[in-house]
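For reference, the chains in residue letters:
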Amino acid sequence: MANDEQSGENGKDLHMSVTMPSIEVGTVGGGTHLKSQGAALDLLGLRGSASSAPGDHARALARVVAGSVLAGELSLMSALAAGHLVRSHMLLNRKPTLHEEQKTEKIIENEKPEKREEA
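Residue numbers here run from 1 along each chain, matching the order of that chain's written sequence. Where totals are concerned, whole chains, interfaces and linings use all residues; where local detail is concerned, this predicted model gives features only for residues with pLDDT of at least 70, and gives and counts side-chain atom pairs only at 80 or more. Calculated side-chain values reflect all of the structure's heavy atoms, with hydrogen atoms and water omitted.

### Things to note about the side chain of His 57
Secondary structure elements follow DSSP: runs of H or I no shorter than four residues count as helices, runs of E no shorter than two count as strands, and numbering proceeds from the N terminus. One can find His 57 in helix 2 (residues 56-82). Residue exposure (1.4 Å probe, protein chains only): buried if accessible area is under 20% of the type maximum, exposed if over 50%, otherwise partly exposed. Among the residues examined, His 57 registers a relative accessible area of 17% and is labelled buried. In what follows, a contact means two residues having at least one pair of non-hydrogen atoms within 4.5 Å. If we skip the residues at most four places from it in the chain, His 57 touches Thr 27, Gly 45, Leu 46, Arg 47, Gly 48, Ser 49 and Ala 50.

### Let's talk about the pattern of salt bridges
We define a salt bridge as a side-chain nitrogen of Lys or Arg found within 4 Å of a carboxyl oxygen belonging to Asp or Glu. By the definition in use, this model includes two salt bridges. A salt bridge links Arg 47 to Asp 42; its shortest N-O distance comes to 3.1 Å. Taking the relative accessible area as the measure of exposure, Arg 47 reaches 37% and is therefore partly exposed. Residues Asp 56 and Arg 59 are paired through a salt bridge, measuring 2.8 Å at the closest nitrogen-oxygen approach. Taken together, the residues Asp 56 and Arg 59, both in helix 2 and three residues apart, mark about one turn of the helix.

Any functional reading would require information that these geometric values do not contain.
In structure tokens, the structure reads:
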């Protein structure tokens with residue numbers, strides 16, 4: 001669950017957090033022996049059990065996953081706020097209706113770069 005709220009002196013700052021109460025990740029066993037999964041864990045330095053305390057690598061991997069989710073939520077919110085999400089759906093819709101097709105053509109026409117005159 002993602003949470004965002006205004007904060008700061010003037011309410012102009014944004015505080016975002018993500019809560020994932022039952023995320024299940026692992027750094028030993030399961031699919032960790034598979035090539036791509038093992039390579040990803042190696043890249044993060046989290047493959048196998050932690051020498052410091054059991055579960056440290058799994059907790060660190062859970063933080064990486066939660067951070068990625070938070071980044072995705074921030075990206076989604078910015079796309080919504082800027083109107084990019086709706087525009088991209090209109091442009092990339094696989095089976096547009098006739099009405100949507102006409103709208104998409106107008107959007108594409110408005111986004112074409114202007115032709116420059118060469119000097």
